[in-house]
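# Architecture at a glance
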Amino acid sequence: MKYTLTKKASALRRMMGRVCLTAAFSCLLAFSAQAQEFMNVSDVQIGMTGYAKTVVQGTEIQTFPVEILGVMKNSGPSGDLILAKFSGPLIEQTGGIAQGMSGSPVYIDGKLLGAVAYGWSFTNSRIGMITPINDMLKLWNVPTKEEIRPFNARESSLIPIATPLMMSGFDSVSADWMKSKLPDYNFMPVDTASASTDDVAMPLEPGSSVAAAFVNGDMKMGAIGTVTYVDNDHIVAFGHPFLKKGSINYFMHNAYIFTVVNNLSSSFKLGSIGAEVGKITQDRGAGISGQYNYLAPGIPVTINVRDTDTDTAMTKRVKIIEDNELTPVLAATTVYNTVNKTIDRTGGGTATLSYTIRSSNGRDKDITRHNMYYSEENINEKSIDELYNVLDILKHNEFIDYPVLDITMNVDITQARKSASIVDATAAPVVVSPGDNVYFKVKLHPYRGVDEVKTMSFTVPKDQPLGDMVLEVRGGGVIPLPYLIEKQRYNLTDEIIKRLRRYKDFDALKKEIDKEDSNNDLVIEILDPGVSMINESDTKVSKEKIRGKEPGTSAKDVVKPSKHSVGDDNKSDAKSSIATPYIVKGDGQITIKVVTPEKRDAFLAKNHNINEAKAIIGDEAEGASQEDDVVKSDKTDDSKDTDKKNDKDQDKNQDKDGGKEKDSVIRSVDLDMFH
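Below or above, wherever it landed, is the structure these notes cover. In this text the structure is predicted, and so the values were computed from the model without any measurement. (Residues numbered from 1 in each chain as written. Predicted model: local features only at pLDDT ≥ 70, side-chain atom pairs only at ≥ 80, totals over all residues. Heavy atoms only, no water.)

## So, the pattern of salt bridges
The final tally for this structure, using the stated rule, is 22 salt bridges. For K510, the salt bridge identified is with D514, shortest N-O distance 2.7 Å. Taken together, the positions of K510 and D514, both in helix α11 (residues 506-515) and four residues apart, correspond to about one turn of that helix. Side by side, K510 and D514 carry an identical accessibility label, which is buried. Several salt bridges share partner residues, and in doing so they unite R474, D517, E525 and K575 into one network. (Salt bridge = Lys/Arg side-chain N within 4 Å of Asp/Glu carboxyl O. Helix = DSSP H or I, 4+ residues; strand = E, 2+ residues; numbered from the N terminus. Buried < 20%, exposed > 50% of the residue type's maximum accessible area, 1.4 Å probe, protein only.)

In structure tokens:
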């Protein structure tokens, strides 16, 4: 019986031990909160000595001596700083206060004074500044809210001890791209390894290492520092701002320190980002603060990349922080890194991509797009431009907060150049009434391929004014030549045109993103009637010739359309579009006569009926006489020279962001419809 009781008691102790381990952090912090006293700055005297705690290898907390040299009044971002000298074998081993030691708690006479936080540039960091603990504890009382977060540059002489940005699973090219998008932060990414204990959540205590992470999952990125103080599930750390973003939601992680790396400029802790254990909610002058056991939601990102040349595929899943400035950069960086590792090369090629950005505000705010891009130099980077730009627009829009629920990105890449040029176009009829269909055949010449013919139809808007209607046939990423000339005429840059465009609400902005053409779309749309067709040398812009007998119309029979300027968003959205397997280059214009139904019927009765018109376009071998109401490409040598110049201009624009798949007025035309 005694053995049984002893065995039961032992089992109970083991069970209680497991419970205590599960709640070890809370147990430890409750004891710490009861026992720990704080020292006020007013009580600090020159010559006082004490010690600081930090980790320089693994997770073991070690100490080093501290001597107080004086108080620097109002020298810190949140108030006074305490000048101190650091010494001892550990400091000699690390070459001074190393990056990653920021936040190390300093104790004088058993009381917590504050955190090691600042030093001077170009020194061996034996002398530095301590942020008072009372200033750090104020972070717990700051209400979390959405803020405008300007970057505050650090002073050139008195600087925070830099926090290393550990990156696991990223290559140097991706890290450099990220730095180029966030130059003000002066990030110093360090490629690091993983530790066997990274998946094990461990309690945090004063002196232990902690990471404020941007990215976790299959890739990790974050800054490593030291915990200053804990109270139940609350912590403060670093002793200086990380990015000084105010209210924020970084991921709080354990950190394992491999070693301290010494170099000529400064030493730093090389460590891994371990298990996620909480969230960092404040990043301000006195340091960072957060909560243990309360995880930040973050944004799940799923990335699927396939190299169609080698049939290599890779899928990565990460979680990135929600932040207007950082989210677009981090999402694009993780995609860029996955592309780099999948294709394992640099250079040109074609990227076919599709992505969905889901909003926490509901499915009506979601964005789904597809596009194609070609680059001769760096298709890897080209594959992320659109995702970055769209996320940046959404996160900085002036109408609503746009929290992101998740992101899915699919990318197929090949070294082949998948582009095609528009070389010819035919259309019938060229005399129509509002609501009628115009039928098209557009000939494409693929790069080093065989010509292909795409069939389409365009529905004339029911409110289309009578008179000439100029239809633009173009590739989805092409800016029509008349618009380019108009920009030159008024010296309008893309930035000026962007400023001229105004959206009344978020729905209008989203519609603009949705309907933006893809580079692989073949598009037919109405050319703005207000755009000049004459360039500066008074030479007519090359456009498709009208071949066929046109009905005479007097001034009283034609209602002149209103004119719109470049950048005007009031033009008709009528458009016909089909997706192709190529990035489509080139454009041309076709003029269609819009008349009343009576005049249209009279003209067709006099010339051809609608079925004969379709038959004409369906039988190109017989050609088109001057009597046929068919529009056909018939360019002069001069116009071809103009087109060559236009192609060069369009090459620069072919890789612009794309648009939505089709509008409601779009329908593809089967070849049988012409016979």
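So much for the structure itself; the text now carries on.
## A short note on helix α12 (residues 597-606)
Among the residues of α12, those classed as buried are R600, F603 and L604. What you see down the axis of α12 is that its buried residues fit within an arc of 95°, all on one side. Exposed positions of α12 whose direction lies more than 90 degrees from the buried face are E598, A605 and K606. Looking at the buried residues of α12, the elements they touch are β23 (431-432). (Arc of directions from axis to C-beta. Contact = heavy atoms within 4.5 Å.)

## Things to note about unusual backbone geometry
Cis geometry is found at the peptide bond from A428 to P429, where omega equals -5°. The residue P429 is located in the loop between β22 (419-428) and β23 in this model. The phi dihedral of F238 falls on the positive side, at around 70°, and the residue is not glycine. Position of F238 among the secondary structure elements: in the loop between β13 (234-237) and β14 (246-261). For F238, a relative accessible area of 0% gives the class buried. Unusually for a residue other than glycine, D311 sits at a positive phi of about 55°. In this structure, D311 sits in the loop between β17 (299-307) and β18 (312-320).

## With respect to the packing of aromatic side chains
If you walk through the whole model with that rule in mind, you get 14 aromatic pairs. When the centroid spacing of 6.1 Å and the interplanar angle of 80° are considered together, the rings of F64 and F86 count as edge-to-face. Taken as a pair, F64 in strand β3 (residues 61-76) and F86 in strand β4 (residues 79-86) lie far apart in primary sequence, 22 residues in all. No difference in accessibility class separates F64 from F86, as the two residues are buried. Ring plane angle 65° and centroid distance 5.7 Å describe the contact between F242 and Y250, whose orientation is recorded as edge-to-face. The pair F242 / Y250 is uniform in exposure class, with both members buried. These aromatic residues form a ring-pair network of at least three members: Y185, F187, F214, F238, F242 and Y250. Here K319 stacks its cationic end above the ring of F251, 4.6 Å away from the centre of that ring. Over the ring of Y447 we find R417, and its NZ or CZ is 4.6 Å from the ring centre. (Phe/Tyr/Trp six-rings, centres within 6.5 Å; stacked < 30°, edge-to-face > 60°. Lys NZ or Arg CZ within 6 Å of the ring centre and 35° of its normal.)

## Concerning the sheet that holds strand β31 (residues 587-594)
On the basis of which strands lie adjacent, the open sheet formed by five strands has the order β23-β31-β26-β27-β29 and mixed pairing. What marks the edges here is a single partner per strand, and that holds for β23 and β29 (575-579). Here strand β27 (residues 521-526) pairs with β29 via five bridges, running antiparallel. Across the sheet, residue D521 finds its bridge partner in β29, namely A579. (Pairing = 2+ DSSP bridges.)

## A closer look at the pairing of β14
Note: strand β11 (residues 209-217) against β14, four bridges, orientation antiparallel. If you follow V210 over to β14, its bridge partner there is N254.

## Points about the environment of E376
Note on placement: E376 falls in the loop between β20 (367-375) and α7 (379-382). Residues E376 and G349, spaced 27 residues apart in sequence, show a C-alpha to C-alpha distance of 6.4 Å. Beyond its immediate stretch of four places on either side in the chain, E376 contacts G347, G348 and R417.

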